[in-house]
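Here are the chains, one letter per residue:
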There are 2 protein chains.
Amino acid sequence: MSGPYVYEYPHPAATVDIAIFTVRDDSLRILLIRRANPPFQGVWALPGGFVGIDESLKHAAWRELREETGINAAYLEQFYTFGHPKRDPRERIITVAYFALLPSDKLDVEAGSDAQRADWFNVDELPELAFDHPKIISRALSRLDEKVVHSSAVFQLLPKTFTLPELQRVTELIRRESVDRRNFRKRMLSQGLIEATGELARRGAHRPAKLYRARVSA
Amino acid sequence: MSGPYVYEYPHPAATVDIAIFTVRDDSLRILLIRRANPPFQGVWALPGGFVGIDESLKHAAWRELREETGINAAYLEQFYTFGHPKRDPRERIITVAYFALLPSDKLDVEAGSDAQRADWFNVDELPELAFDHPKIISRALSRLDEKVVHSSAVFQLLPKTFTLPELQRVTELIRRESVDRRNFRKRMLSQGLIEATGELARRGAHRPAKLYRARVSA
DNA sequence: GCAAAAGTGTTCTAGGTACACCCATGT
DNA sequence: ACATGGGTGTACCTAGAACACTTTTGC
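Calculation criteria
- Residues numbered from 1 in each chain as written.
- Chains lettered and ligands numbered in written order.
- Predicted model: local features only at pLDDT ≥ 70, side-chain atom pairs only at ≥ 80, totals over all residues.
- Heavy atoms only, no water.
- Near = heavy atom within 4 Å.
- Polar contact = N/O pair within 3.5 Å; in protein donor to acceptor, adjacent residues only side chain to side chain.
- Helix = DSSP H or I, 4+ residues; strand = E, 2+ residues; numbered from the N terminus.
- Nonpolar A, V, L, I, M, F, W, Y, C, P; charged D, E, K, R; others polar.
- Salt bridge = Lys/Arg side-chain N within 4 Å of Asp/Glu carboxyl O.
- Buried < 20%, exposed > 50% of the residue type's maximum accessible area, 1.4 Å probe, protein only.
- Contact = heavy atoms within 4.5 Å.
- Domains from an automatic or database assignment.
- Buried area = accessible area lost by both parts, 1.4 Å probe.
- Pairing = 2+ DSSP bridges.

1. Here's the deal with the protein's contact with DNA strand C
- Taken together, 21 residues sit near DNA strand C, with Lys-186 and Ala-205 of chain A together with Arg-181, Arg-185 and Lys-210 of chain B positioned nearest.
- The protein-proximal atoms of DNA strand C, defined as those within 4 Å of the protein, are 42% sugar or phosphate.
- For DNA strand C, a base nitrogen lies 2.9 Å from a polar atom in the backbone of Arg-207 of chain A.
- If you list the elements that add at least two residues to the surface near DNA strand C, you get helix 5 (181–191) of chain A together with helix 5 (181–191) and strand 11 (209–214) of chain B.

2. Looking at the protein's contact with DNA strand D
- Inspection of the region around DNA strand D gives 21 residues, with Arg-181, Arg-185, His-206 and Lys-210 of chain A together with Arg-207 of chain B positioned closest.
- Within 4 Å of the protein, the atoms of DNA strand D are drawn from sugar and phosphate moieties in a proportion of 41%.
- Ala-205 of chain A is positioned with one of its backbone polar atoms (N or O) 2.8 Å from a base oxygen of DNA strand D.
- Counted by class, the surface near DNA strand D contains 6 nonpolar, 4 polar and 11 charged residues.

3. Things to note about the pattern of salt bridges
- The final tally for this structure, using the stated rule, is 33 salt bridges over all chains.
- For Arg-63 of chain A, the salt bridge identified is with Glu-64 of chain A, shortest N-O distance 3.3 Å. Across the pair, Glu-64 of chain A and Arg-63 of chain A agree in class, each one buried.
- One salt bridge in this structure joins Arg-87 of chain B and Asp-17 of chain B, with 4.0 Å as the shortest N-O distance. Here Asp-17 of chain B lies in strand 2 (residues 13–24) and Arg-87 of chain B lies in the loop between strand 6 (75–82) and strand 7 (93–101), a separation of 70 residues in the sequence.

4. Thoughts on the environment of Val-6 of chain A
- Within the secondary structure, Val-6 of chain A sits in strand 1 (residues 5–7).
- Separated by 42 residues in sequence, Val-6 of chain A and Gly-48 of chain A have C-alpha atoms that sit 25 Å apart.
- If we ignore the near neighbours within four places in the chain, the residues touching Val-6 of chain A are Pro-4, Tyr-5 and Val-6 of chain B.

5. Some thoughts on the domain arrangement of chain A
Residues and elements named next belong to chain A.
- Each assigned domain of chain A is listed with its residue range as follows: domain 1 (13–150) and domain 2 (158–214).
- Spacing between the C-alpha centres of domain 1 and domain 2 amounts to 28 Å.
- Counting from both sides, the interface comprises 14 residues of domain 1 and, opposite them, 9 residues of domain 2.
- Counting the surface lost from both domain 1 and domain 2, the interface buries some 980 Å², and carbon and sulfur atoms represent 59% of this.
- Connecting domain 1 to domain 2 are 3 salt bridges.
- One salt bridge connects Asp-124 with Arg-176, and the closest N-O pair in it is separated by 2.8 Å.

6. Focus on the interface of chain A and chain B
- Each partner contributes residues to the interface: chain A has 32 residues there, and chain B has 32 residues.
- For the pair chain A and chain B, the summed buried surface comes to about 2,700 Å²; carbon and sulfur atoms form 60% of the total.
- Its largest share of buried area at the contact with chain B, chain A owes to Pro-10, His-11 and Ile-53 of chain A, together 21% of the area lost on that side.
- Taken together, the connections running from chain A to chain B amount to 0 salt bridges.
- Counting every contact that joins chain A to chain B gives 14 residue pairs in polar contact (both at pLDDT 80 or more).
- For the side of chain A that touches chain B, the elements supplying multiple residues, two or more each, are strand 1, strand 2 (13–24), strand 6 (75–82), strand 7 (93–101) and helix 3 (133–150) of chain A.

7. Overview of the side chain of Arg-87 of chain A
Residues and elements named next belong to chain A.
- By relative accessible area, Arg-87 is classed as buried at 9%.
- Only 3.2 Å separates the side chain of Arg-87 from the backbone oxygen of Ile-93, close enough to count as a polar contact.
- A polar atom in the side chain of Arg-87 sits 2.7 Å from the side chain of Asp-132.

8. Comments concerning the pairing of strand 8 (residues 118–122) of chain A
Residues and elements named next belong to chain A.
- Summarising burial for strand 8: 4 of the 5 residues are buried, a large majority.
- Summarising the sheet, strand 3 (residues 27–34) and strand 8 pair through 5 bridges and their orientation is antiparallel. Paired with Leu-31 across the bridge in strand 8 is Trp-120.

9. Remarks on the pairing of strand 3 of chain A
All names here are of chain A.
- Among the 8 residues that make up strand 3, 7 are buried, leaving the element largely enclosed by the rest of the structure.
- Here 4 bridges tie strand 2 to strand 3, and the two strands are oriented antiparallel to one another. Across the sheet, Arg-24 pairs through a bridge with Ser-27, a residue of strand 3.
- In textbook terms, the turn of a hairpin is the stretch between consecutive antiparallel strands, and for strand 2 and strand 3 this stretch comprises 2 residues, one of which, Asp-25, has a positive phi near 50°.
- When strand 3 meets strand 4 (residues 44–45), the two strands line up antiparallel, connected through 2 bridges. Its bridge partner lying in strand 4, Arg-34 is registered against Trp-44.

Here is the structure:
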């Protein structure tokens, strides 16, 4: 399995890039890695890599996710493919972009341990980014917003059990607008997507919040 | 610009495929072409082709659209990328799928003239299809459904002016469910997306319908 | 005048929004 | 006791759903 590989016509390279989101320190965060090699050496970028010639796109995305976070259970969804001819200075590279949602309590040491190599950035305070990654992230964020409105994907960003204020906060971080607490509760509880565990979360000098879990969809 | 092209690592090929929709003879139709060469010679398939090495994905999609229909004005949107390693028996091919919406009155002779080569198929009566094109079409249809609910893309399937019953019919063909005429009218007119032209459409032995046009979004 | 499709209004229901006070805890 | 954040209910409004008769035309 080593080159050279010869084709009659020029072929682009294919990669996957992953926007891995989580909620941490009261902000929506995305995992970025510092590029070890040119081009854009030392610049922050989305985790990603080449698609194996016999590897499905989703498999490549899972593999990258595992390599960067140590996690192999997460919500993973393809959202767009970027293929501008000059988006990579080396050669023509088409990248299939995925986003992944990680529960805040599953953050692996691997990613957090070496902030020189990988770090979780607040989506509102992004550093300079390699390639067309600002565009990719911006599209990932708007897709995430749609997801939160029209599906139950938010739960993927929370631990198995969570409180309603936590759920509301995550929603607000993504939607970028705040909602009335009573209306939020009413809506959530009437939709039947969550159920109380019966436990309480004692988290400070105030009344404890009830814990809920996402109901497995029928 | 001729081979051979040599790479250190194996590269997939990249194509675009387009699901081109229109409404015709009271049905939602998709343009298919009969494959002239192996694999799947003689079998119906989505129009599509290889992405030029210096060509953007969207440009490739426009080019294919133009080549197959003669049209170069239409609603065109990328919706998913298919990359299963075995989806093409020849080599690894990753295809970026687009859908296009054509107004019923702009159908070009090119596509209609030679039914041996290209034809408009009712989406409910599709022939046997090459590759993973059934999967691509199925995904295109569900995306189209979402579009119709959440955006004003439907207008792209209609002539510049149209009647409310026509608009309703197109919506019903895509959504696959019928709605009450009065409620449909009320909703459309209250949204302010259409405006009356003042003209009437005399189309048979019955009361003529008012013509409307889509309002350019503010 | 008859068949065929277009046009039109009201009532009911459900979901969304606005809004303010009491409750359980830690210190 | 007090500061902090969690929990709760009502009134209003808007959008969607159900529903039947009249109008205009071509033949």
